[in-house]
Amino acid sequence: MRAFAFEGGFVPPSTADFNLPPAFGNSEFTTKPILLVFLSVVLISVFFVASSRKALVVPTKLQFAGELIYGFVRNDLGKEIIGAEFMRFVPLLFSLFTFILTNNIFGIIPLLQFPAMSHVSFPYVLAAFPFIAFHWVGIKKQGLGHYLKGIAFMPGVPKAVYVLLTPIEIATFFLVRPLTLSLRLFANMFAGHLLLLVFIMGGDHLIKGVIGLKLVAPFSFTLGIVMTFFEFMVQCLQAYIFTLLSALYIAGALADEH
Amino acid sequence: MKTRFAAEAAANPLIPHTAELIVGFIAFTLLFLVLRRAVVPMFEKAFAARTEAIQGGIEKAERAQAEAAVALQSYTAQLADARGEATKIREEARVQGSAIIEDLRARAQEEAARITAQAHASIEAERQAAITSLRQEVGSLATELASKIVGEALEDQARQSRVVDRFLDDLASESGKAK
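Keep in mind that what you see is a predicted model, and the values were worked out from it rather than measured.

Trainee: Looking at this model, I keep getting lost on the overall build of chain A. Mind explaining?
Mentor: Helix and strand counts for chain A stand at eight helices and zero strands. Listing each helix as α and each strand as β along chain A from the N terminus yields α-α-α-α-α-α-α-α. Overall size of chain A, expressed as C-alpha extent along the three principal axes, is 70 × 60 × 35 Å. Counting over 258 residues, chain A shows a buried share of 36%. In chain A, of all internal contacts separated by at least 6 residues, the share reaching a separation of at least 24 is 64%.

So, in structure tokens, the structure goes:
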């Protein structure tokens, strides 16, 4: 299609590169990101079930590795931020963190090499879980009326300010929070993958070019590798931020006044 | 280069795919259930067991320490008792020792006094005996002298004086022996 238009010239990577054909068959359910998501669920489940199965006082290396990740989410993201009632939310935070982290890292693992979170559907779904969770605990803790009133009419504010503040607050709680949560993750993974495509595909194209272009190609590949390391950092960071913000929203809903 | 597929769907990357929404929901729910059911409780169990083990260990150590402190106290007390006992025994021994020495000294003095008295008595008795024998000897000597004087009286003057001289010599030698 567009490739014909350039006729041998360089085709820059575009959003179209994210829509891969089905890996096998001709179903919408056998595309690469969907298979990767299922693969991640299997890998995470197997790893953590294997590492936690024995629950030893003196852990094996495998159990220690599992505990390291679990302990990080449980203590640094759960206990530190949510406080006394944190234990109820640990499974959700733990699932979010491991699921996002694994799928992000798939983006730089050879052969897999595709971050499922660059398909906006997955971040949308993931953001829905903490979104429902924090509204749910808020309503349960404070009662529906009191909770909504607390959001719409923040206490300790002059009445006139509500004209401005109420729409902002409502938008924040019901639109901005889930949207920013999912779009931040999506955009980071999307942009990161696109960046890698630019350098790798660019290098690939340069090396097929004339002699002068061939000499430039290694720089493009080198930058591609450097960006891969950078991507790894961004992937971990995004998993952390997503979980951290989810914990913060839940903590906010649990607090009586905010 | 990758095959371009579903170019029409590339129009807006912010529009979600229904299939992916469904898969995402199912996959994440599945993971959530597995982690909540099988993983989180096991890790919590391990953490709790570890906490308990550490706390148990600390309690045991504290108990052992308390026991050691009690034992130390009792040993110290026993040691102090023993020291007191030793001092008392030493004091008693000193008292007893000085009493024994005093007793022995008194007895020795008594003995010495007795021996002295005995010596005095025997000396006195010997003196008496000497006096008695001397007196007898002097008497017999006088008698002998008198008889000699009487026996020789008729002889000449010269013999008489010789006899007297001899007697005196005898006496002198006798008394010289006695001295």
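Trainee: Where do I start with the overall build of chain B in this structure?
Mentor: Assigned secondary structure in chain B consists of two helices and zero strands. Expressed as a percentage of the 179 residues in chain B, the buried residues total 8%.

Trainee: Explain the packing of helix 2 (residues 32–52) of chain A against helix 3 (residues 61–82) of chain A to me, please; I cannot follow it from the model alone.
Mentor: Each pair of packed helices can be summarised by the angle the axes make with each other and by the distance between the axes. Residues and elements named next belong to chain A. Direction vectors running N to C along helix 2 and helix 3 enclose 120 degrees, while the axes themselves pass 8 Å from each other. The interaxial crossing formed by helix 2 with helix 3 has left-handed handedness. Residues Phe-47, Phe-48, Ala-50, Ser-51 and Ser-52 of helix 2 form the contact with helix 3, whose own contacting residues are Leu-62, Gln-63, Ala-65 and Gly-66. Split into classes, the residues belonging to the contact of helix 2 with helix 3 amount to five nonpolar, four polar and no charged.

Trainee: What am I meant to see in the interface of chain B and chain A here?
Mentor: On the side of chain A, 46 residues touch chain B, which itself brings 37 residues to the contact. When grouped by side-chain class, the residues that make up the side of chain B that touches chain A number 28 nonpolar, three polar and six charged.

Trainee: Whenever I open this one, the packing of helix 4 (residues 90–105) of chain A against helix 5 (residues 121–142) of chain A confuses me. Can you help?
Mentor: Residues and elements named next belong to chain A. For the pair helix 4 and helix 5, the least separation of the axes is 11 Å and the interaxial angle reads 165 degrees. Judged on the interaxial angle alone, helix 5 and helix 4 are roughly antiparallel. Note that helix 4 runs across helix 5; the crossing there is left-handed. Counted together, Leu-92, Leu-96 and Ile-100 of helix 4 and Leu-126, Phe-129 and Ala-133 of helix 5 form the full contact between these two elements. The class makeup of the residues in the contact of helix 4 with helix 5 is six nonpolar, no polar and no charged.

Trainee: Would you mind showing me how to read unusual backbone geometry here?
Mentor: It is generally the case that most residues other than glycine have a negative phi and that most peptide bonds are trans. Residues and elements named next belong to chain A. In this structure, Ala-55 takes a positive phi of about 50 degrees despite not being glycine. Here Ala-55 is to be found in the loop between helix 2 and helix 3. Classification of Ala-55 by C-beta neighbours within 10 Å gives partly exposed; the count is 19. With a phi angle near 75 degrees, Leu-111 is a residue other than glycine that sits in the positive phi range. Structurally, Leu-111 is set in the loop between helix 4 and helix 5.

Trainee: Just checking my understanding: could you explain the environment of Pro-218 of chain A for this structure?
Mentor: Residue position: Pro-218 of chain A is located in helix 8 (residues 211–254). The spatial distance from the C-alpha of Pro-218 of chain A to the C-alpha of Asp-204 of chain A is 9.5 Å, given a sequence separation of 14 residues.

Trainee: Before we go on, may I ask you to explain the nonpolar core in this structure?
Mentor: A general trend in soluble globular proteins is that nonpolar side chains are found buried together. Among the nonpolar cores identified, the biggest contains 59 residues, and Leu-93, Leu-96, Ile-100 and Ile-250 of chain A are the most heavily contacted of them. Those elements giving two or more residues to this core turn out to be helix 2, helix 3, helix 4, helix 5, helix 7 (162–207) and helix 8 of chain A together with helix 1 (18–152) of chain B. Per-element accounting of this core gives the leading share, 11 residues, to helix 1 of chain B. If near-sequence neighbours (up to four positions away) are discounted, Leu-93 of chain A is found in contact with Val-73, Leu-77, Gly-78, Thr-243, Ser-246 and Ala-247 of chain A.

Trainee: Which parts of the structure should I look at to understand the environment of Lys-60 of chain B?
Mentor: Mapped onto the secondary structure, Lys-60 of chain B falls in helix 1. C-alpha separation for the pair Lys-60 of chain B and Tyr-75 of chain B, spaced 15 residues apart in sequence, amounts to 22 Å.

Trainee: Just to check I follow, could you spell out the environment of Leu-72 of chain B for this structure?
Mentor: Residues and elements named next belong to chain B. Position of Leu-72 among the secondary structure elements: in helix 1. Leu-72 sits in the exposed class, given 10 other C-beta atoms within 10 Å. Considered as a pair, Leu-72 and Arg-105 are 33 residues apart in the sequence and their alpha carbons are 49 Å apart.

Trainee: I would appreciate a short explanation of the confidence of the model for chain A in the present structure.
Mentor: Atom-level detail of predicted coordinates should not be read off regions where pLDDT is low. Residue and element names in this part refer to chain A. Put simply, chain A has an average pLDDT of 89, and 96% of its residues get 70 or more. Considering each helix and strand of chain A separately, the mean pLDDT is smallest for helix 1 (residues 2–6), with a value of 41, and largest for helix 4, with 96. Counted against residues more than four places away or in other chains, residues 1–7, with its pLDDT under 50, gives eight contacts.

Trainee: Would you take a moment to explain the confidence of the model for chain B for this structure?
Mentor: All names here are of chain B. Scored by pLDDT, chain B has a mean of 86; 89% of the residues are at 70 or more. Ignoring residues within four places in sequence, the model shows residues 1–9, a span with pLDDT below 50, making 15 contacts including any to other chains. ipTM for the predicted complex: 0.88, alongside a pTM of 0.71.

Calculation rules
Residues numbered from 1 in each chain as written. Chains lettered and ligands numbered in written order. Predicted model: local features only at pLDDT ≥ 70, side-chain atom pairs only at ≥ 80, totals over all residues. Helix = DSSP H or I, 4+ residues; strand = E, 2+ residues; numbered from the N terminus. Buried ≥ 20, exposed ≤ 12 C-beta atoms within 10 Å, placed from the backbone. Contact = placed C-beta atoms within 7 Å. Axes fitted to C-alpha atoms, helices over the stretch in contact; angles between N-to-C directions. Left-handed = near helix turned anticlockwise from the far one by under 90°. Nonpolar A, V, L, I, M, F, W, Y, C, P; charged D, E, K, R; others polar. Parallel < 35°, antiparallel > 145°, perpendicular 65-115°, else oblique. Core = buried A, V, L, I, M, F, W, Y, C linked by C-beta atoms within 7 Å. pLDDT = per-residue confidence, 0-100.

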